[in-house]
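# Reading the structure
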Amino acid sequence: MKRPRGGYTDSNDERADKVHAFIKSLHFSVPLYRLREQQDRRECPKCHKRRLFYCYDCLTTVHPESHPPPLALPLNVYVVLHPNELRGKSTSLAASTISPDLHIAEYPAVPEQLEPELTLVLYPSEQSVELHEVEHLDQYKNVVFIDSTWQQSKAIARDERVSKFKHVRIKSQTSLFWRFQNNDPTYLATVEAIYYFLREYITQVNRLKAQLEHSSGSLSPPPPAHQVESKDSKTSTSASSEMTPKTTDGLASSADATAFYHGEVDDLLFYYINQYIGVQQRYTSGNLNKYTDRHFSGYIIQNTSWDELVAPPPADSNTSEKVTEPPRETVE
């Protein structure tokens, strides 16, 4: 179900405001300036190649002092990586070093132990549905993503080992991805798709729980997002099983996301946002050593400062550094 090609509809200043607001809203457990302090490549303990931040071949970190702590996810996430994708440019590999619940399989390998009745696949096919249309959403344990170009993804999606899973889609978002594509800015990088899916999943499940509590007579305030049961919970109750399709009308407003999501999976974007800011800085600083000129018109945001997003706190600050870390499940 391919969308028509398009471009940005906002002005440069409008996009700058939206992007800055989004990045500032993210709750990273390690500040980005700590990552920027790591300038030297280090040897990977497994393959012994010198890498910056992490090894995309071995999925190990080489700068653990600036790496986020292990992040537990509400679902097992499986990424099927097309073999023609360059590992050094894959956004999902970086995220897999942050969460042990994010697994990578290189096609034609596909995780085959997954039960179809417990597994979703994010793919915008004709039979795909939005998350609020999925009955018993909180009973699903796994979700599959395809990491490839749009053309390459079609063959993987048709593979009977993948096509047997329920196809879902998420609400349209504008990508920050710097790699050129022939579609439009609503085609997301894989890590963005994972992030927005999990964010929407957490919001939807908690909203359904709040509705169920309200309908049962409880007037308690909506639960925070971290109350979504972890994938290994033995006591999870099905809130969505009590809801009829007519009441599950999706994320009704941004207020829903604010009430039911509190940054639980923001760390998945840690390396991605750092790279995005780096690209914007390089192209707006007058640096002649640019990666490429193939971008959507307006992708590079002019007349705005990116330094404040990665700058350390003032040296003369009287307040101690404090990083806001969202509630998270404990990874054993």
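Residues numbered from 1 in each chain as written. Predicted model: local features only at pLDDT ≥ 70, side-chain atom pairs only at ≥ 80, totals over all residues. Heavy atoms only, no water.

Under an unreviewed UniProt entry, the chain has the name tRNA-uridine aminocarboxypropyltransferase 1 and belongs to Leishmania major. The annotation that UniProt attaches to the chain under Catalytic activity (unreviewed entry) is "a uridine in tRNA + S-adenosyl-L-methionine = a 3-[(3S)-3-amino-3-carboxypropyl]uridine in tRNA + S-methyl-5'-thioadenosine + H(+)". Its UniProt record gives the chain the following Sequence similarities (unreviewed entry) comment, quoted word for word: "Belongs to the TDD superfamily. DTWD1 family." (UniProt positions renumbered as here; feature names shortened; annotations may be inferred.)

### Observations regarding the nonpolar core
In this structure, Phe197, Ile273 and Tyr276 are the most contacted members of the largest nonpolar core, which totals 64 residues. Breaking this core down by element, the ones donating at least two residues are α1 (12-25), α2 (32-36), β5 (76-81), α3 (91-96), β7 (119-122), β9 (142-147), α6 (190-215) and α8 (270-284). The contacts of Ile273, once residues within four sequence positions are left out, are Phe22, Ile23, Leu26, Phe28, Leu32 and Leu176. Ranked by size, the runner-up nonpolar core spans 15 residues in total, among them Tyr78, Val80, Tyr123 and Ala157. (Core = buried A, V, L, I, M, F, W, Y, C linked by side-chain atoms within 4.5 Å. Buried < 20%, exposed > 50% of the residue type's maximum accessible area, 1.4 Å probe, protein only. Helix = DSSP H or I, 4+ residues; strand = E, 2+ residues; numbered from the N terminus. Contact = heavy atoms within 4.5 Å.)

### Some points on the environment of Trp178
For Trp178, the location among the structural elements is in the loop between β10 (166-169) and α6. Distance in space between the C-alpha atoms of Trp178 and His295 is 7.2 Å, their sequence separation being 117 residues. Not counting the four nearest positions on each side in its chain, Trp178 is found in contact with Tyr272, Gln275, Tyr276, Val279, His295 and Tyr299.

### Some words on the pattern of salt bridges
Tallied over the full model, the rule gives 11 salt bridges. Its salt-bridge partner being Glu308, residue Lys24 comes within 3.5 Å of it at the nearest N-O pair. Taken together, the residues Lys24 in helix α1 and Glu308 in the segment after α8 connect sequence positions 284 residues apart. Classification of Lys24 by relative accessible area gives exposed; the value is 55%. Ionic pairing is found between Glu112 and Arg161, a salt bridge with its closest N-O pair at 3.2 Å. A residue pair is termed long-range when its members are at least 10 positions apart, and Glu112 in the loop between β6 (102-106) and β7 and Arg161 in helix α5 (residues 160-163) qualify at 49 residues. For Glu112, a relative accessible area of 54% puts it in the exposed group. Taking the relative accessible area as the measure of exposure, Arg161 reaches 23% and is therefore partly exposed. Within this structure, Lys49, Arg51, Asp57, Arg87 and Glu106 form a network of salt bridges that share partners. (Salt bridge = Lys/Arg side-chain N within 4 Å of Asp/Glu carboxyl O.)

### Digging into the confidence of the model for the chain
When pLDDT is averaged across the chain, the result is 84; 79% of the residues are at 70 or more. Note on residues 233-253: pLDDT is under 50 here. Beyond four places in sequence and across chains, it has 37 contacts. (pLDDT = per-residue confidence, 0-100.)

### A look at the sheet that holds β7
Spatially, the six strands line up as an open sheet ordered β6-β5-β9-β7-β10-β8, and their pairing is parallel. Edge positions in the sheet fall to β6 and β8 (129-130), since each has one partner strand and no second. Bridge count between β5 and β6: five bridges; the pairing is parallel. Along β6, the bridge assignment pairs Val77 with Leu102. Contacts between α6 and the sheet are confined to β5, β6, β7, β9 and β10, with β9 contributing the most and set at about 155° to the helix. (Pairing = 2+ DSSP bridges. Axes fitted to C-alpha atoms, helices over the stretch in contact; angles between N-to-C directions.)

### Some details on the environment of Val205
Secondary-structure assignment places Val205 in helix α6. With relative accessibility at 3%, the residue Val205 sits in the buried group.

### Here we look at the packing of aromatic side chains
Within this structure, the stated rule accounts for 17 aromatic pairs. Here the aromatic rings of Tyr123 and Trp150 are separated by 5.9 Å at their centres, their planes lie at 5°, and the arrangement is stacked. In this pair, Tyr123 is assigned in the loop between β7 and β8 and Trp150 in helix α4 (residues 150-158), connecting sequence segments 27 residues apart. Across the pair, exposure class does not vary: Tyr123 and Trp150 are buried alike. Between Phe177 and Trp178 the ring centres are 5.2 Å apart and the planes differ by 65°, which places this aromatic pair in the edge-to-face class. Both residues of the pair, Phe177 and Trp178, belong to the buried class. Taken together, Phe28, Phe53, Tyr54, Phe270 and Tyr271 form an aromatic cluster joined through their ring pairs. One Lys or Arg, Arg15, reaches over the ring of Tyr8 and ends 3.8 Å from the middle of that ring. Lying across the ring of Tyr56, Arg51 places its NZ or CZ 4.0 Å from the centre. (Phe/Tyr/Trp six-rings, centres within 6.5 Å; stacked < 30°, edge-to-face > 60°. Lys NZ or Arg CZ within 6 Å of the ring centre and 35° of its normal.)

### Side note on the packing of α1 against α8
At a closest axis distance of 12 Å, the pairing of α1 and α8 adopts a crossing angle of 145°. α8 is crossed by α1, and the crossing has left-handed handedness. Contact with α1, carried on its side by Val19, Phe22 and Ile23, involves Ile273, Tyr276 and Ile277 of α8 and no other residues of that element. Its residues placed into classes, the contact of α1 with α8 shows six nonpolar, no polar and no charged. (Left-handed = near helix turned anticlockwise from the far one by under 90°. Nonpolar A, V, L, I, M, F, W, Y, C, P; charged D, E, K, R; others polar.)

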